[in-house]
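Report on the structure
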Amino acid sequence: MSLWFGIVAASLAVYSWKIFGYLLPSSVLNNPVLARIANLLTVALLAALLGVQGFTSGTQIELDARGPALLVAALLLFLRAPFIVMVASAALVAALIRLWLG
Amino acid sequence: MAKPKNQREFSVLSISLGVGFATGLYGISFGALSVSAGLDIVQTQVLSLLMFSGGSQFAFIGVIAAAGVGGIGVGAAVVSAWLLGIRNGFYALRMAPLLKPLGLGKLIPALLTIDESTAVATAQKEIADQKKGFWLTGAAVFVFWNLMTFIGAVLGDALGDPKNFGLDAAAAAAFLGLIWPRLMERQTFAVAALAILIATFTTPYLPAGVPVLVAGLSSVIFGLFNWLKPKEQVIK
């Protein structure tokens, strides 16, 4: 699948949820199990991406400078730092560790 | 009675602009991370214009970063983005009776139906303010998000090898930031922890991109049986 095709397909796929919401009867909201899974699915997928992005490299599990960077990010989130500051600090920590360790 | 009305309008407008600007700021990280994942500037911009849903966009480029710009990885990126967009469907269900758009008039409000526009709309007391909150916030986030995406993409393009600047760590931190508000509750914390473990430990054995989808099952497990349910079950 080419990247451009994927970009257009994914955009339409996300849009499909948004438009279906305006076309469907609102009784769909009343299914508690469906609503609960949809709610938890967001957390599960984002957490999975955190795992892949933070602790793997290619097809291998790899612990490196990203670990300490995530600890700093967590500390800044705890201190209610703005999103952009937290992200930039994580990048800086990882970059500095790699610089020092060669 | 003109004055209180003006004040109220001002406050909805200022909330909308504030939310739009704050959200736009993390558009910078999206732009930079997208380019470092292997998309070009135009592709990055098209995602912000057409997909216009932060979680789905970060998911798409996250899977591309792990799996590369071709083959099964792109398919997994599409499915990840799609699954992450599901909550927008629930927002749309809630916004439909408020906005009551008709026919083709549904196309634009649908595009603007995201976390922020829904949150600001539902936070207002009066119907008129709710509508205004939806439209102003949706428009403000759309403008700032796209503008900042472009700036971020150009910056990311100029930086070169993303690893030297720790952009891989920044991407992981972005996902942490997106789930952070949900980690205070034990059910969502458990779902997140299980998903991280599944995604990480299945990576050596599954095609790139697929571990993220498999980890999504943790939400089905906890959702079906409602394990560790919150004390007050409020489905928004």
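Its UniProt record, at the heading Subcellular location (unreviewed entry), says of chain B: "Cell membrane". The record in UniProt for chain B states the following under Sequence similarities (unreviewed entry): "Belongs to the AzlC family."

1. Things to note about the domain arrangement of chain A
Taken as a whole, chain A is organised into domain 1 (25-62) and domain 2 (64-102). Relative placement of domain 1 of chain A and domain 2 of chain A: their C-alpha centres are 24 Å apart.

2. Examining the layout of surface pockets
Where empty space is left can be seen by rolling a probe of water-molecule size over the atoms. Estimated volume of the second largest pocket: approximately 400 Å³. For the second largest pocket, the lining is made up of 20 residues, of which Gln53 and Arg66 of chain A together with Ala65, Ala66 and Asp168 of chain B are closest to its centre. Mapped by element, the contributors of at least two residues to the lining of the second largest pocket are α2 (32-55) and β1 (56-57) of chain A together with α1 (2-37), α3 (54-67) and α9 (167-179) of chain B. Considering each element in turn, the lining of the second largest pocket owes the most residues, 5 residues, to α3 of chain B. Per-class residue counts for the lining of the second largest pocket are 11 nonpolar, 6 polar and 3 charged.

3. Quick look at the environment of Ala67 of chain B
All names here are of chain B. In this fold, Ala67 is placed in helix α3. Given a relative accessible area of 22%, Ala67 falls into the partly exposed group. Each C-alpha atom, one on Ala67 and one on Ala208, is 4.9 Å from the other, the two residues being 141 residues apart in sequence. Sequence-distant contacts of Ala67, that is, excluding residues within four places in its chain, are made with Gly73, Ala208 and Gly209.

What counts, and at which threshold
- Residues numbered from 1 in each chain as written.
- Chains lettered and ligands numbered in written order.
- Predicted model: local features only at pLDDT ≥ 70, side-chain atom pairs only at ≥ 80, totals over all residues.
- Heavy atoms only, no water.
- UniProt positions renumbered as here; feature names shortened; annotations may be inferred.
- Domains from an automatic or database assignment.
- 1 Å grid on protein atoms, 1.4 Å probe; cavity = no way out; pocket = protein on both sides within 12 Å on 5 of 7 lines; lining within 4 Å.
- Points joined across faces, edges and corners; volume = space filled by probe spheres on them.
- Helix = DSSP H or I, 4+ residues; strand = E, 2+ residues; numbered from the N terminus.
- Nonpolar A, V, L, I, M, F, W, Y, C, P; charged D, E, K, R; others polar.
- Buried < 20%, exposed > 50% of the residue type's maximum accessible area, 1.4 Å probe, protein only.
- Contact = heavy atoms within 4.5 Å.

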